[in-house]
Amino acid sequence: MPGIRGPSDYSQEPSRDPTLLLSYFEPFNAEPPRSALVSSYVTPVHLFYKRNHGPIPIIDHIDNYYVSVTGLIDNPTKLFIKDIMSLPKYNVTATLQCAGNRRTAMSKVRNVRGVGWDVSAIGNAVWGGAKLADVLELLGIPKLTSSTGLGGRHVEFVSVDRCKEENGGPYKASIPLNQATNPEADVLLAYEMNGEILNRDHGYPLRLVVPGVIGARSVKWLDSINVLAGECQGFFMQKDYKMFPPSVNWDNIDWSSRRPQMDFPVQSAICSLEDVQMVKPGKVSIKGYAVSGGGRGIERVDISMDGGKSWVEASRTQKPGKDYISEHNSSDKWAWVLFEATIDVSQSTTEVIAKAVDSAANVQPENVESVWNLRGVLNTSWHRVLLRLGHSNL
């Protein structure tokens, strides 16, 4: 499209922080060390996980860049960056999480397909841009609309990012129109991240941000927006990112039997310790993140040292110096909380478990076996690390 293009190889990739851990199978995807996640409430841009399906698009002439808006609307048009930036700007603090976060642990139960993420395919950022509801209203679609006059009920977002799963075609996804036109859903056409213009890895010049929903729906490098009667029929909506039971395998899978995954479930992970960690006897600090989809707050994070027989409650924070209250107007409803607890370690080996409970009383399942699925998505089982007494800097 004018102003932006997807290159055919990886020779023009942007530079990246050397601490990012590259995926073994798909080296253009990367996550930070888990310890980096709890260093600050807002994840620095250079430490935010990155996920794409082909070479990072290149901007040739930003003044020529526009997004085509077509489909079941009365006024198809082209939106230039200046048009979007002329609308009221909103800053939304929101956590994005890949549906495959913690896939590596799931693969230890049985083989799964997908990028081998640890616990860091997640990040929390302040996204700046125009609300999608305002953009659509500019095009004649009122707020809180479920259907256009021509029968449009879903909004599809098409990327410049090309992927083999689409036979070289573009990555795409959709959300329902009633979500797209709801100002309270805080869906953004974002051009800033943490107060700075988006960089190439994270969607420059324009991306979608859908808070509370798996990262696969927050399409980067927007090429076009299409109002459709039904869901996007792209690969990643119809043949991926769906939740199947452990009984389903690649021989009996029926993709049409499940709806595309949208909200992510309640999740937590310990980030101050590795899966197996040597520690000195005495006090050990347990730090991590907890988050739930759909704008649900985190009501509690529990820590156990005896296999779940007894628990202690961890403290929860968001903004430094402010008390966190789940779903209070002083809290960021789309963002994670950071938790912390101090435990006393005296046994030669100690398994530490973390589990979170959200404001709807949803709780993480105990075992990964119960949520295993062939694509390794939505591993929200209790997070466990093993401590061993020995020489350590902790």
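Residues numbered from 1 in each chain as written. Predicted model: local features only at pLDDT ≥ 70, side-chain atom pairs only at ≥ 80, totals over all residues. Heavy atoms only, no water.

Asker: Give a detailed account of the domain arrangement of the chain, specifying residues and quantitative values.
Answerer: The domain boundaries assigned to the chain delineate domain 1 (4-239) and domain 2 (267-389). A straight line from the C-alpha centre of domain 1 to that of domain 2 covers 27 Å. Both sides together, the interface formed by domain 1 and domain 2 hides about 2900 Å², and carbon and sulfur atoms give 57% of it. In terms of surface lost to domain 2, no three residues of domain 1 exceed Arg34, Tyr41 and Arg102, which account for 28% of the buried area on that side. Taken together, the connections running from domain 1 to domain 2 amount to two salt bridges. (Domains from an automatic or database assignment. Buried area = accessible area lost by both parts, 1.4 Å probe. Salt bridge = Lys/Arg side-chain N within 4 Å of Asp/Glu carboxyl O.)

Asker: Account for the nonpolar core, naming residues and giving values.
Answerer: Among the nonpolar cores identified, the biggest contains 62 residues, and Leu132, Phe157, Leu189, Leu206 and Tyr289 are the most heavily contacted of them. Structurally, this core is a two-domain feature, drawing no fewer than three residues from each of domain 1 (4-239) and domain 2 (267-389). Once residues lying within four places of it in the same chain are set aside, the contact partners of Leu132 are Phe157, Ile175, Ala180, Val187, Leu188, Leu189 and Leu208. Formed by 22 residues, the second largest nonpolar core is a distinct cluster that contains Leu273, Phe339, Ile343 and Leu387. (Core = buried A, V, L, I, M, F, W, Y, C linked by side-chain atoms within 4.5 Å. Buried < 20%, exposed > 50% of the residue type's maximum accessible area, 1.4 Å probe, protein only. Contact = heavy atoms within 4.5 Å.)

Asker: Can you lay out the sheet that holds strand E6 (residues 77-80) for me, pointing to particular residues and giving the numbers?
Answerer: With respect to topology, five strands assemble into an open sheet ordered E6-E5-E14-E9-E10, the strand pairing being mixed. Two strands lie at the open edges of the sheet, namely E6 and strand E10 (170-176), each paired on one side alone. Along the sheet, successive strands turn relative to each other by an average axial angle of 20 degrees, direction set aside. (Pairing = 2+ DSSP bridges. Helix = DSSP H or I, 4+ residues; strand = E, 2+ residues; numbered from the N terminus. Axes fitted to C-alpha atoms, helices over the stretch in contact; angles between N-to-C directions.)

Asker: Lay out the UniProt feature "domain: Oxidoreductase molybdopterin-binding" (unreviewed entry) in the chain in plain terms, naming residues and giving numbers.
Answerer: UniProt's feature table lists "domain: Oxidoreductase molybdopterin-binding" (unreviewed entry) at residues 53-235, given in the numbering used throughout. Secondary structure across residues 53-235 divides into 12% helix and 36% strand, with the first and last C-alpha atoms of the span separated by 12 Å. (UniProt positions renumbered as here; feature names shortened; annotations may be inferred.)

Asker: Which residues make up empty space enclosed by the protein, and what values do they have?
Answerer: If you roll a probe as big as a water molecule over the atoms, it shows you where there is empty space left. The full count for this structure, using the stated rule, is two cavities of 30 Å³ or more. In this structure, the largest cavity encloses a volume near 290 Å³. Lining the largest cavity we find 20 residues, and of these Arg51, Gly215, Ala216, Ser218 and Lys220 sit closest to its centre. Computed from the structure, the second largest cavity encloses a volume of approximately 50 Å³. (1 Å grid on protein atoms, 1.4 Å probe; cavity = no way out; pocket = protein on both sides within 12 Å on 5 of 7 lines; lining within 4 Å. Points joined across faces, edges and corners; volume = space filled by probe spheres on them.)

Asker: Give a description of the sheet that holds strand E15 (residues 267-270) that names residues and reports values.
Answerer: Taken together, the four strands give an open sheet; going across it, the order is E15-E17-E21-E20, and neighbouring strands pair in antiparallel fashion. This sheet does not close on itself; its edge strands, each paired only once, are E15 and strand E20 (315-317). Across the sheet, the mean angle from the axis of one strand to that of its neighbour is 25 degrees, orientation sign disregarded. For strand E17 (residues 282-291) and strand E21 (residues 337-345), the ladder comprises nine bridges, and the chain directions are antiparallel. Its bridge partner being in E21, Ser285 is matched across the sheet by Thr342.

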